[in-house]
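An overview of the molecular structure
Chain by chain, the residues:
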Amino acid sequence: MAAAHRWSDTPETGRPLEWAALTALYAGAAIFLLGRAAFARLTTRSGQPAQLIVAAVLLALIPLARLLPVMAGLGLVTALLAALVAFERRTGEVREP
């Protein structure tokens, strides 16, 4: 019987992302946050500085994230976005529909 294949056993998870994929991951999340903040500003006339701060942090982390393994880089983006959601929920910056 063959041993089960686990994602952590693959060599791809331990190496850093290439620049194109890394930029797409981090800048894509930053562009989403910038667009979301711009949409909120144009429609409700309210600013959401937390989104702008996280977008700037994501862009600033691109060179550093080049040194991280694939899963750590993805985990960093996920952690930043989850922290933003938790902050917005706690401070009431986002209203429930």
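Not measured: the values here are computed from a predicted model.

1. Structural notes on the environment of A30
Assignment of secondary structure puts A30 in helix α1 (residues 19–44). A30 sits 47 residues away from V77 along the chain, and the two C-alpha atoms are 9.8 Å apart. With sequence-adjacent residues up to four places away left out, A30 is seen in contact with A55, L58 and L59.

2. Some details on the pattern of salt bridges
Taken as a whole and judged by the stated rule, the model has 1 salt bridge. In this structure, E88 engages R36 in a salt bridge whose closest nitrogen and oxygen atoms are separated by 3.5 Å. Taken as a pair, E88 in helix α4 (residues 70–91) and R36 in helix α1 lie far apart in primary sequence, 52 residues in all. A residue is classified by how much of its surface remains accessible, and E88, at 2% relative accessible area, is buried.

3. Some remarks on the confidence of the model for the chain
Detailed reading of the predicted model is not advised wherever pLDDT is low. Taken as a whole, the chain shows an average pLDDT of 85; of its residues, 81% reach a score of 70 or greater. Between the elements of the chain, mean pLDDT differs from a low of 92, seen in helix α3 (residues 62–65), to a high of 96, seen in helix α2 (residues 49–60).

4. Examining the environment of T44
With respect to the helices, strands and loops of the structure, T44 is situated in helix α1. Judged by relative accessible area, T44 falls into the partly exposed class, the value being 41%. Within the structure, T44 has its side chain in polar contact with the backbone oxygen of A40 (distance 2.6 Å).

5. Digging into the nonpolar core
Within the largest apolar cluster, 17 residues are counted, with the highest numbers of intra-cluster contacts made by L22, Y26, L33, V54 and L58. Looking at this core, the elements with two or more residues in it are α1, α2, α3 and α4. Sorting elements by how many residues they give to this core places α1 first, with 6 residues. Once you skip the residues sitting within four places of it in the chain, Y26 turns out to touch L58, L61, I62, A65, G73, L76 and V77.

What counts and what doesn't
- Residue numbering note: each chain is counted from 1, following its sequence as written.
- Whole-chain, interface and lining totals are the exception, using all residues; otherwise, since this is a predicted model, local features are given only for residues with pLDDT of at least 70 and side-chain atom pairs are given and counted only at 80 or more.
- Excluded from the side-chain calculation are hydrogens and water; included are all heavy atoms of the structure.
- Note on conventions: DSSP H or I runs of at least 4 residues are helices, E runs of at least 2 residues are strands, and numbering of each starts at the N terminus.
- Any two residues whose heavy atoms approach within 4.5 Å at even a single point are treated as in contact.
- By convention in these notes, a salt bridge is any Lys or Arg side-chain nitrogen within 4 Å of a carboxyl oxygen on Asp or Glu.
- Throughout this description, buried means an accessible area under 20% of the type-specific maximum (1.4 Å probe, protein chains only), exposed means over 50%, and partly exposed covers the range between.
- Confidence of the predictor at the level of single residues is given by pLDDT, which spans 0 to 100.
- As used in this structure description, the phrase polar contact means that two N or O atoms lie within 3.5 Å; if the pair is within protein, one of them must be able to donate a hydrogen and the other to accept it, and residues adjacent in sequence are counted only when both atoms belong to side chains.
- Only buried residues count toward a nonpolar core, which is a set of Ala, Val, Leu, Ile, Met, Phe, Trp, Tyr and Cys residues joined through side-chain atoms within 4.5 Å.

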